[in-house]
Number of protein chains: 2
Amino acid sequence: MAKLAISEKIAHCAPVDCGDCPIRHRAVCARCESDELELLEQIKYYRNFEAGQTVIWSGDQMDFVASVVSGIATLTQTMEDGRTQMVGLLLPSDFVGRPGRECAAYDVVATTDMVMCCFRRKPFEQMMVRTPHIAQRLLEMTLDELDAAREWMLVLGRKTAREKIASLIAIIARRDAALSMQGMRGPLVFDLPLTREAMADYLGLTLETVSRQVSALKKDGVISLEGKRRVTIPDMGRLLEEAGDDSDGGLLV
Amino acid sequence: MAKLAISEKIAHCAPVDCGDCPIRHRAVCARCESDELELLEQIKYYRNFEAGQTVIWSGDQMDFVASVVSGIATLTQTMEDGRTQMVGLLLPSDFVGRPGRECAAYDVVATTDMVMCCFRRKPFEQMMVRTPHIAQRLLEMTLDELDAAREWMLVLGRKTAREKIASLIAIIARRDAALSMQGMRGPLVFDLPLTREAMADYLGLTLETVSRQVSALKKDGVISLEGKRRVTIPDMGRLLEEAGDDSDGGLLV
DNA sequence: TAAACTCCTTGACTCAGATCAACCCTTGGA
DNA sequence: TCCAAGGGTTGATCTGAGTCAAGGAGTTTA
């Protein structure tokens, strides 16, 4: 039954013209000219995933790379004894996989329903050699991710539980504001795309601590909640202070 | 006096022929053909730094990029209240700076005497557009660093103090073995290139905890020490177990 | 030759966050 | 209509690492 639902979704997913693609200007193909885009169009295919589905297991053979078109996925690492750490959050336009690498290095799990634009690895690698625009954009995106990872190292290594929660909410809020173009004026409203447990895995905390600190931030008026997931931020500056960040907001990501 | 010492060193540092460069096959220029190398040779210059010297302050204008030729530097981030987190360790052949970025994002500090091979940013950026071999290699190196940063996120987020120390020692040991070609057979011997405080900054710990855990690993026979810095590892497998890693050793970095 | 550093170690005490446990609410089968 | 499961909250208790404090060992300065 579940399987039927999946195939149905795949059928649904008629190939989109790259020109109409929602991530056209941010993904790995962002710099491609129309002729380059046509080549990509020939080798691309779409795949759908349901919330909760594992896209790839760490260590598995991985013979494609892909862009997230819509939905959210997590990148996690697991130790033998079961401790897990999220090492990345994949949002629309983010790139999955590494050219030149056979096997996946992390588990990739869809946290919402998701659409991915995939390319078989070999043809993609060949294209990369010929079309520098793709490699250029991929370099730029990888450098951005490296900065994000390093920023996160500060969060994991030196921030308190409360600061960690505030940092995560700030990041999601900022990303959401950028996407929905609502700007930074006035109160921000959005849904947390992660369960408490996933937040804990991202922050190097337990889910109980996450729950307690979210409650504390709510009690102190830094955020307000509608249900468990819908967050309102009355004052972004205040939130950033709580996150231990420079209250001037920092750079766009 | 200190200044005199520095200028003396700069004078010392006669430009080396790229063909004889110790990092020729690992640095950002690794894939360059001899004609490309000649172009690089025209725009490169060397700079020397003494142990303890700050190479760049976070936020400063940065109009060069560079490769570490010899010595070690750290990349650190600092919060307003003074908490600091190291986000990278720069070893010979590592690349510093980001094409397309005006200002440094992190503090870079030399922990040992150091030689860097520098390129003014603008000419380097222009060269990158024309010579894909440079961009290709930089992409590869950046992807490796991203993997390293993510590995470190697991260390920071989920490992105990003892595991963190073991992980750091294992990483330094492995890098050192690779460099000195002594292979993984038999006991490894090397010097810790970091003070206890720098180790603490890397691991998200206090220097007291670092000191205690180093002593504990010594007492338990996982490592042995000669002085404060010289480490011998009788059994790498044992160390990796203590680090919480798969004892099969993992991939080469 | 001592004084002043820097780097490191060790002990005693504290506390933030983990652990263990109980319980609530919502959703969706059967 | 109930029951099971997933997601979330809250309380009591424990503990690993932080904090504060004293002191050692080796080097450089004067």
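For the structure given in this document, a descriptive report is provided here. Predicted, not measured: the structure shown is a model, and the values here were computed from it.

Parameters at a glance
- Position numbers for residues start from 1 in each chain and track the written sequence from start to end.
- For this description, chains carry letters from A and ligands carry numbers from 1, given in the order in which they are written.
- Reporting in this predicted model follows two pLDDT cut-offs: at least 70 for local features of residues, and 80 or more for side-chain atom pairs to be given and counted; totals over whole chains, interfaces and linings ignore these cut-offs and use all residues.
- Each side-chain value is worked out from all heavy atoms of the structure, with water and hydrogens disregarded.
- Secondary structure elements follow DSSP: runs of H or I no shorter than four residues count as helices, runs of E no shorter than two count as strands, and numbering proceeds from the N terminus.
- Between two residues, a contact is recorded if the distance between any of their heavy atoms is within 4.5 Å.
- Under the rule applied, a polar contact is a pair of N or O atoms within 3.5 Å (in protein, one hydrogen donor and one hydrogen acceptor; residues adjacent in sequence only if both atoms are side-chain atoms).
- Two cysteine sulfur atoms make up a disulfide if the distance between them is within 2.5 Å.
- Think of it in three bands: with a 1.4 Å probe and only protein chains considered, a residue is buried below 20% of the maximum accessible area for its type, exposed above 50%, and partly exposed in between.
- Near residues are defined by distance, with any heavy atom within 4 Å of the molecule or strand qualifying the residue.
- By the convention adopted, Pro, Cys, Tyr, Trp, Phe, Met, Ile, Leu, Val and Ala count as nonpolar, Lys, Arg, Asp and Glu as charged, and the other residues, Gly among them, as polar.
- Think of it this way: DSSP has to see at least two bridges between two strands before they count as a pair.
- To get an axis, a line is fitted to the C-alpha atoms, and for a helix only the part in contact is used. The angle between two axes follows their N-to-C directions and goes from 0 to 180 degrees.

1. Some thoughts on the overall build of chain A
Consideration 1: Assigned secondary structure in chain A consists of eight helices and 11 strands.
Consideration 2: Relative to all contacts within chain A whose residues are 6 or more apart in sequence, the contacts with residues 24 or more apart total 71%.

2. Looking at the environment of Arg121 of chain A
All names here are of chain A.
Consideration 1: Looking at the secondary structure, you find Arg121 in helix α3 (residues 121–130).
Consideration 2: In this structure the C-alpha to C-alpha distance between Arg121 and Ala66, which are 55 residues apart in sequence, comes to 9.0 Å.
Consideration 3: Every residue in contact with Arg121, bar those within four places of it in the chain, is listed here: Met62, Asp63, Phe64, Val65, Arg98, Gly100, Arg101 and Glu102.
Consideration 4: Looking at Arg121, its side chain comes within polar contact range of the main-chain oxygen of Met62, at 3.1 Å.

3. Brief notes about the state of the cysteines
Residues and elements named next belong to chain B.
Consideration 1: Inspection of every chain in the model, using the stated rule, returns zero disulfides over all chains.
Consideration 2: Between Cys21, a free cysteine, and Cys29, which holds the nearest cysteine sulfur, the sulfur-to-sulfur gap is 6.2 Å.
Consideration 3: Among the residues examined, Cys21 registers a relative accessible area of 14% and is labelled buried.

4. Focus: the protein's contact with DNA strand C
Consideration 1: Around DNA strand C, 17 residues are found, and the nearest of them are Ala161, Thr209 and Arg212 of chain A together with Arg196 and Ser211 of chain B.
Consideration 2: Of everything in DNA strand C that lies within 4 Å of the protein, sugar and phosphate atoms constitute 64%.
Consideration 3: Arg212 of chain B places a side-chain nitrogen or oxygen 2.9 Å from a base nitrogen of DNA strand C.
Consideration 4: Those elements giving two or more residues to the surface near DNA strand C turn out to be α7 (207–219) of chain A together with α7 (207–219) of chain B.
Consideration 5: In terms of residue count, α7 of chain B provides more of the surface near DNA strand C than any other element does, five residues in total.
Consideration 6: Tallied by class, residues from the surface near DNA strand C come to three nonpolar, seven polar and seven charged.

5. Thoughts on the pairing of strand β4 (residues 73–78) of chain A
Residue and element names in this part refer to chain A.
Consideration 1: Burial analysis of β4 places five of its six residues in the buried class, the great majority of the element.
Consideration 2: Bridge count for β4 against strand β5 (residues 84–90) is six bridges, and the pairing is antiparallel. Note that in β5 the partner of Leu75 across the bridge is Gly88.
Consideration 3: Pairing between β4 and strand β7 (residues 107–110): four bridges, direction antiparallel.

6. Some words on the sheet that holds β4 of chain A
Residue and element names in this part refer to chain A.
Consideration 1: The strand order across the open sheet built from four strands is β2-β7-β4-β5, with neighbouring strands paired in antiparallel fashion. The open sheet is flanked by β2 (54–56) and β5, the only strands paired with a single partner. Looking at each pair of strands side by side, their axes are set apart by 30° on average, direction ignored.

From the geometry alone we can't say anything about function, so treat these as descriptive.
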